[in-house]
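Chains, contacts and geometry: an overview
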Amino acid sequence: MSLEVEEVARAGVARIQATGAGRPDVALILGSGLGHIADRVENAIRVPASDMPGYPPSTVEGHEGVFVMGRIEGVSVAVLSGRIHGYEGHSPPVLGIPARILCALGPKTLMLTNAAGGIVEDFRPGDLMLISDHLNLTTRSPLQGVNVDEWGPRFPDMTEVYSADLRAQARTEAATLGLGLREGVYAWVPGPQYETPAEIRMLRTLGADAVGMSTVPEATIASHMGLSVLAVSVISNQAAGMSGKRLSHDEVLAACATAGQKLGELLVRLVASFRTGG
Ligand code: HPA
């Protein structure tokens, strides 16, 4: 399986490079409701994931992946809009392919966004949370299988997956924009079902501040390949059992649509700060 995964990732990189797009400085993977950031890319070259031989198909209608290469505020970027999730049934190494492709293009930084349920009592829908660390509660790793030494070590260190420097930069940019920014630990759960209230109490005891079904595989791949990672959650709902309401995907999408605007501004400013090396 792993060799196959390696071939698929290399074919994806070759497909993008064949467009003449150069090495990006920053790569981004956008979660629900944040696809509009891909519209900010100037001189965009779009490569649909379906053009890449062997690329894992999305099972969620309307979420087909597209890689967008170009510039935001003069900084060269590679953006993936439309991610794949573990709950779609992909094996752990396959789950790593999209991030492998982006990271193998050579950026130094990967920025990730997602929607998450807030576990901290005073987190509210629409809040933004910088991810400071994560809990992988799925027993799965995208690094399972044969290691490709050229990409990274067999046993990678995970002490600082989410760069402290990038988080500091994000706080500075957020303050300039007048945006509040929470910070906390993100728990990755397999889904697709939302949690039970008992599971949320367990997650709180384990040290989780927010819970979701994505991001950790991509952050793990980027960390393996030596990139700096910044990840931001849109708190789309209070986690199960906390608000007296049932959870719904529509509520999640609605919160992302609203908070996605301010997160978009924050990310564009952060990307722009790379122009001056700031
Ligand atoms: N749980 C898991 N994943 C999520 C949630 C949640 O409450 N909200 C958005 N993604």
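Structural notes, computed from the coordinates. (Residues numbered from 1 in each chain as written. Predicted model: local features only at pLDDT ≥ 70, side-chain atom pairs only at ≥ 80, totals over all residues. Heavy atoms only, no water.)

Time to look at the overall build of the protein chain. Per the secondary structure count, the protein chain includes seven helices and nine strands. Dimensions of the protein chain along its principal axes, counting C-alpha atoms only, are 50 × 40 × 35 Å. For the protein chain, restricting intrachain contacts to residue pairs at least 6 apart in sequence, the fraction spanning at least 24 positions comes to 83%. Here the protein chain displays about 11800 Å² of accessible surface, and carbon together with sulfur accounts for 51% of that area. One way to put it: in the protein chain the 22 positive side-chain charges average out to a point 3 Å from where the 29 negative ones average out. (Helix = DSSP H or I, 4+ residues; strand = E, 2+ residues; numbered from the N terminus. Contact = heavy atoms within 4.5 Å. Areas by Shrake-Rupley, 256 points an atom, 1.4 Å probe, with all protein chains shown as cover. Lys, Arg positive; Asp, Glu negative; His and termini not counted. Charge placed at Lys NZ, Arg CZ, Asp CG, Glu CD.)

Inspection of the secondary structure assignment puts T215 in the loop between β8 (210–212) and α6 (216–224). At 2.7 Å, the side chain of T215 and the side chain of N114 are in polar contact. Apart from residues lying up to four places away in sequence, T215 is in contact with R83, L112, T113, N114, I131, Y186 and A231. (Polar contact = N/O pair within 3.5 Å; in protein donor to acceptor, adjacent residues only side chain to side chain.)

So, about the site of the ligand. Close to the ligand lie A115, A116, G117, Y194, E195, V211, G212, M213, S236, N237, L247 and V252, which account for all nearby residues. Note that a nitrogen atom of the ligand is positioned 3.3 Å from one of the backbone N or O atoms of G117. In this structure, N237 approaches the ligand through a side-chain N or O atom, which is 2.7 Å from a nitrogen atom. Summarising the interface, the protein chains cover 95% of the accessible area of the ligand, which totals 260 Å² for the free molecule. Here the ligand is seated within the largest pocket. Counting only elements with at least two residues in the shell around the ligand, the list comes to β5 (109–118), β8 and β9 (228–238). (Near = heavy atom within 4 Å. 1 Å grid on protein atoms, 1.4 Å probe; cavity = no way out; pocket = protein on both sides within 12 Å on 5 of 7 lines; lining within 4 Å. Sits in = over half its atoms within 2 Å of the grid points.)

What follows deals with the nonpolar core. Membership of the largest hydrophobic core comes to 48 residues, with the highest contact counts inside it found for I16, Y55, F67, I101, L102, L110 and Y162. Counting residues in each nonpolar core, the second largest holds 33 residues, with A38, M111, A115 and V252 among its members. (Core = buried A, V, L, I, M, F, W, Y, C linked by side-chain atoms within 4.5 Å. Buried < 20%, exposed > 50% of the residue type's maximum accessible area, 1.4 Å probe, protein only.)

So, about the pattern of salt bridges. Within the structure shown, the criterion is met by 13 salt bridges. Between E6 and R10 there is a salt bridge, and its shortest N-O distance comes to 2.8 Å. Remark: R10 and E6 occur in helix α1 (residues 2–17); sequence separation between them is four residues, near one turn of the helix. Judged by relative accessible area, which is 34%, R10 ranks as partly exposed. We note a salt bridge from R269 to E173, for which the minimum N-O separation is 2.9 Å. Of this pair, R269 sits in helix α7 (residues 249–273) while E173 sits in helix α4 (residues 164–177), placing them 96 residues apart in sequence. Relative accessible area serves as the criterion here: at 34%, R269 is assigned to the partly exposed category. One salt-bridge network, held together by shared partners, links E6, R10 and E150. (Salt bridge = Lys/Arg side-chain N within 4 Å of Asp/Glu carboxyl O.)

For the coordinates displayed, the defined rule picks out one aromatic pair. Ring centres 5.9 Å apart and planes at 90° place the aromatic pair Y55 and F67 in the edge-to-face group. With Y55 in the loop between β2 (42–48) and β3 (66–72) and F67 in strand β3, this residue pair connects regions lying 12 residues apart in the sequence. (Phe/Tyr/Trp six-rings, centres within 6.5 Å; stacked < 30°, edge-to-face > 60°.)

Time to look at the pairing of β5. In terms of burial, β5 is largely enclosed, as 10 of its 10 residues are buried. Judged from the four bridges that link them, strand β1 (residues 26–30) and β5 form a sheet pairing that is parallel. The residue bridging I29 from the neighbouring strand is L112, located in β5. Sheet analysis places β5 next to β9, joined by 10 bridges and oriented parallel. Among the inter-strand pairings, N114 is bridged to a residue of β9, identified as S233. (Pairing = 2+ DSSP bridges.)

This part covers the packing of α4 against α7. Between α4 and α7, the shortest axis-to-axis distance is 10 Å and the interhelical angle comes to 125°. As judged from the angle between their axes, α4 and α7 are oblique. Crossing of α4 against α7: the hand is right-handed. Contact residues: Q169, A170, E173, A174, T176 and L177 in α4; E265, L266, R269, L270 and S273 in α7. Considering only residue class, the contact of α4 with α7 consists of five nonpolar, three polar and three charged. (Axes fitted to C-alpha atoms, helices over the stretch in contact; angles between N-to-C directions. Parallel < 35°, antiparallel > 145°, perpendicular 65-115°, else oblique. Left-handed = near helix turned anticlockwise from the far one by under 90°. Nonpolar A, V, L, I, M, F, W, Y, C, P; charged D, E, K, R; others polar.)

What follows deals with the packing of helix α3 (residues 97–104) against α6. Where α3 contacts α6, the two axes come as close as 9 Å, and the packing angle between them is 35°. As α3 packs across α6, the resulting crossing turns out to be right-handed. Within the contact between the two elements, α3 uses A99, R100 and C103 and α6 uses E218, I221, A222 and H224. When its residues are assigned to classes, the contact of α3 with α6 shows four nonpolar, one polar and two charged.

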